[in-house]
Each structure stands twice: as C-alpha cells, then as structure tokens.
Amino acid sequence: MINIVLFGKPGAGKGTQAEFLKTKYNLTHLSTGDIFRYNIKGNTDLGKLAKTFMDKGELVPDEVTIKMLESECNNNPDSSGFLFDGFPRTISQAEALDAFLESKNDTITATVALEADDEILVKRLLERGKTSGRPDDQDEEKIRNRYQEYNEKTAPLMDYYKGQNKFQSVNGIGSIAEITERLSMVINSLK
Ligand code: ADP
C-alpha cells in the first residue's frame, strides 16, 4: 500500500497530475476540493456549508473536512493506496490523517510537492477561471486570499512532513508529461 500526499499551492497542477498518477499507480484519488464541489452541485448540507467558505477563498473548517475525508477513505476499503490531493491543508488535518491511518495500521508513504512561482500560478488560475466556471478562480482577490490561507495554514506542513522524513518536491513548471515524469521518478523510488 502506498499513500501519497500531493502538495502544492492553488493552481500548481495537483488535480491534473493526480489524473495520470492514479491510473499509473492504481491509487484511489481523493480531492477534497472535488468532493466539496460535487456536494455543492448536489446542494447537500455539506455543499451549502462548504460553499460559504470556498466562495471567499477560505478553507472549510477542519472538523468538517476531516470527517468527510475519513468517510471517503472508509468507503474505499479495498483500495491499494490513496492519492490525497488538497488534503491535508492544515497541521490539524495532517495530525488527524496520521492518527486515522495509524488506526488502520497504515501510514503516509510520502508527500510530494509541486513547486511553482506565485505570479505564474495566479495567471494560471485566472486563465482556468475563464473556462472552469469555478467562482473562486474568477476573482483575483479570492485567489490572493487562497494564497494567504496557503502561506499561513498550509505551508507549515512542509516542515511537519520534513520532520517525518516524508517530504520531497519537484519543479512544477514544464509540460504536463514532463511533470508526470518527475513525480513518477519520486514515486518509483519509494517502492
Ligand atoms: P485549489 O488548490 O486550486 O485551491 P481545490 O479544489 O483543492 O483548489 O480547493 C478549492 C477550495 O476548497 C479551497 O479554497 C477550500 O475552500 C476548499 N478546500 C479544499 N480542500 C480543503 C481542505 N483540505 N481543507 C479546507 N478546505 C479545503
């Protein structure tokens, strides 16, 4: 079982790369952003709650996010490994994930970060917003707010995973295929 955390700022390409990696390594892809958006579409209570935060570019509260993630994992008992995309995003989420996996005699294998410069990413997101229909990608202020959330709450996770010797990063600038290759080299080295 390998469990990978795909790490990176908004727009770094986590979702795009996850699509390739999940097939290549037979992993269950869990994107908290996608699950929230699915709930918003279905107008569920969870979706309504998440929307109030996402629309402002703020993180959804930990308690809600952690509960949702755990239930998604429990819904995939036969998985041969998870690819976490957009989770954890806070130290509390990371601690909860460690405890949850440990309760199943499992653990995070590695965290791999996609590195890219903020200004390039903001441009990418505004471009994506033109076609994705995502309200959080269409307004520069909301985008900047997501970066502020990232810097305050998510960036400290790098030290958290470095402390566990589970942090690696790759250059996130290049063609999609090049970046898949860089990530694959890291994942292959874990096996
Ligand atoms: P991006 O990485 O481009 O911001 P995501 O789809 O991963 O896109 O996330 C979109 C939004 O969903 C975030 O801005 C946040 O509001 C919410 N969200 C996603 N994952 C989490 C999480 N782990 N904790 C809290 N909120 C989250």
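For the structure itself, look to the data block above.
Below or above, wherever it landed, is the structure these notes cover. In this text, all values refer to a predicted model and were calculated from it rather than measured experimentally.

1. As for the site of the ligand
Close contacts around the ligand come from 20 residues, with Thr-32, Arg-37, Glu-58, Gly-86 and Gln-93 the closest. At 2.8 Å, a side-chain N or O of Arg-37 approaches an oxygen atom of the ligand. At 3.0 Å from a nitrogen atom of the ligand is found a main-chain nitrogen or oxygen belonging to Val-60. Taking 550 Å² as the accessible area of the ligand by itself, protein coverage stands at 97%. Among the elements that take part in the shell around the ligand, helix 2 (residues 32-41) stands out by supplying four residues, more than any other. Its residues assigned to classes, the shell around the ligand shows six nonpolar, six polar and eight charged.

2. Brief notes about the side chain of Asp-98
With respect to the helices and strands, the residue Asp-98 is situated in helix 5 (residues 91-103). Those residues within four positions of Asp-98 in sequence are excluded, and the remaining contacts are Ile-108, Tyr-160 and Gln-164.

3. A look at the nonpolar core
Ranked by size, the top nonpolar core spans 22 residues in total, and within it Leu-69, Cys-73, Phe-84, Leu-97 and Tyr-161 carry the most contacts. Sorting the residues of this core by element identifies strand 1 (4-8), helix 4 (62-74), strand 3 (82-85), helix 5 and helix 8 (156-163) as the ones contributing at least two each. At five residues, helix 5 tops the list of elements feeding residues into this core. Sequence-distant contacts of Tyr-161, that is, excluding residues within four places in its chain, are made with Val-5, Pro-88, Ala-94, Leu-97, Thr-111, Lys-166 and Phe-167. If you look at the next biggest cluster of nonpolar residues, it comprises 16 residues, including Ala-12, Val-170, Ile-179 and Ile-187.

About the cut-offs
Residues numbered from 1 in each chain as written. Predicted model: local features only at pLDDT ≥ 70, side-chain atom pairs only at ≥ 80, totals over all residues. Heavy atoms only, no water. Near = heavy atom within 4 Å. Polar contact = N/O pair within 3.5 Å; in protein donor to acceptor, adjacent residues only side chain to side chain. Areas by Shrake-Rupley, 256 points an atom, 1.4 Å probe, with all protein chains shown as cover. Helix = DSSP H or I, 4+ residues; strand = E, 2+ residues; numbered from the N terminus. Nonpolar A, V, L, I, M, F, W, Y, C, P; charged D, E, K, R; others polar. Contact = heavy atoms within 4.5 Å. Core = buried A, V, L, I, M, F, W, Y, C linked by side-chain atoms within 4.5 Å. Buried < 20%, exposed > 50% of the residue type's maximum accessible area, 1.4 Å probe, protein only.

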